[in-house]
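# Survey of secondary and tertiary structure
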Amino acid sequence: MTATHHETATAAGSGAGATARFKSDKTAGAGTPPERVDLLAREVLSAVHETIRRHKVTYDEYNALKSWLISVGEDGEWPLFLDVWVEHVVEDVATEHREGNKGTIEGPYYVPGAPAQGTRIPMRDNEPGTPLAWTGQVRSTDGTPLAGAKVELWHADADGLYSQFAPGIPEWNLRGTFTADDEGRFEIHTVRPAPYQIPTDGACGKLIAAAGWHSWRPAHLHVKVSAPGHELLTAQLYFPGDAHNDDDIASAVKPELILDPRPSGDGETIDYGFVLDPERS
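If you're wondering where the values come from, they're calculated on a predicted model, not measured in any experiment.

Each helix and strand counted, the chain has seven helices and 11 strands in total. By residue count, 43% of the 281 residues in the chain fall in the buried class. Taking as baseline every contact in the chain between residues at least 6 positions apart, the subset at least 24 positions apart corresponds to 74%.

Another point: a nonpolar patch on the surface. A surface patch of nonpolar side chains, about 570 Å² in accessible area, is lined by Val44, Val48, Ile52, Val57, Tyr59 and Tyr62. For the nonpolar patch, the element with the highest residue contribution is helix H3 (residues 34-55), accounting for three residues. By the secondary structure assignment, Val44 is in helix H3. Residue classification places Val44 among the exposed residues on the basis of a relative accessible area of 54%.

It is worth spelling out the pattern of salt bridges at this point. This model, assessed by the stated rule, comprises 13 salt bridges. Across the pair Glu106 and Lys224 runs a salt bridge, and its minimum N-O distance is 2.7 Å. Of this pair, Glu106 sits in the loop between helix H6 (87-94) and strand E1 (131-140) while Lys224 is found in strand E7 (residues 220-226), placing the two residues 118 residues apart along the sequence. Per residue, the accessibility class of Glu106 equals that of Lys224, and both read buried. Residues Arg124 and Asp157 are paired through a salt bridge, measuring 3.1 Å at the closest nitrogen-oxygen approach. With Arg124 in the loop between H6 and E1 and Asp157 in the loop between strand E2 (150-154) and strand E3 (175-179), this residue pair connects regions lying 33 residues apart in the sequence.

Here we come to the environment of Pro170. Turning to its location among the elements, Pro170 is positioned in the loop between E2 and E3. Taking the relative accessible area as the measure of exposure, Pro170 reaches 39% and is therefore partly exposed. Discounting chain neighbours no more than four positions away, the residues touching Pro170 are Arg124 and Ser163.

Pairing within the open sheet is antiparallel, and its four strands lie in the order E3-E2-E7-E8. Of all the strands in the sheet, just E3 and strand E8 (233-238) have a single pairing partner and so form its edges. Sheet twist, expressed as the average angle between the axes of neighbouring strands with direction ignored, equals 25°. Summarising the sheet, E7 and E8 pair through six bridges and their orientation is antiparallel. Pairing of His222 across the sheet is with Gln236, part of E8.

Basis of the calculations
Residues numbered from 1 in each chain as written. Predicted model: local features only at pLDDT ≥ 70, side-chain atom pairs only at ≥ 80, totals over all residues. Heavy atoms only, no water. Helix = DSSP H or I, 4+ residues; strand = E, 2+ residues; numbered from the N terminus. Buried < 20%, exposed > 50% of the residue type's maximum accessible area, 1.4 Å probe, protein only. Contact = heavy atoms within 4.5 Å. Patch = residues over 30% accessible without salt bridge, like charges linked within 9 Å, V, L, I, M, F, W, Y side chains within 5 Å. Areas by Shrake-Rupley, 256 points an atom, 1.4 Å probe, with all protein chains shown as cover. Salt bridge = Lys/Arg side-chain N within 4 Å of Asp/Glu carboxyl O. Pairing = 2+ DSSP bridges. Axes fitted to C-alpha atoms, helices over the stretch in contact; angles between N-to-C directions.

Have a look at this one:
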């Protein structure tokens, strides 16, 4: 990231945006029956209790945890914390039945309603980054092309920043929705994103520093792929050779999600399609 963006893109600002976006979804958590809440809450608390007993947690350590949990809320970083360290397991469990493409976490920076595009994602004049031309096809698990399938794409810029979560970036920059043709084929022109560190000036950063972890995510493209009668696929696509493909702070990289970019002119091309599972009855 540039020095300017380090000064202006704060964990608090990013966290507040992620929290506000999540809270705007009135369906989140709706309909969870009391017996499931009872079961899960009791087992999570039991696991916490067992950790305390096994490691002889002191009052100083307990109070440090309490203070940190308060800071996570004050910084608006619960979406960041949960999406980085918990969501990848929820995603594995929720999609283990699928025969089509592997997915991965959504992350905290998704914004619904990205504008429909032709083939070019919204970007600034002279947007930094290597031009990236992407073609692919969306099919069902039986091989049927899915005409009119939607590919929603969003990603960080060359400074590792997302529009609507960092100041000074146009609202829909590097966010768009693309429609496949009658054969399920699509074409997208964007730029290659940069690796980035998750915000470290807030509560999550304090945990990372205290534990001696790193805060890097490898460069990636976020997608949501949908078609009538099929399960929504949420995924991230990665680039070979990234230093953090093997130790992503969010544990979201899967071998099936690594692209194979090829040099082309002043940029790169990729050919990567999607296979969607039919909705289960």
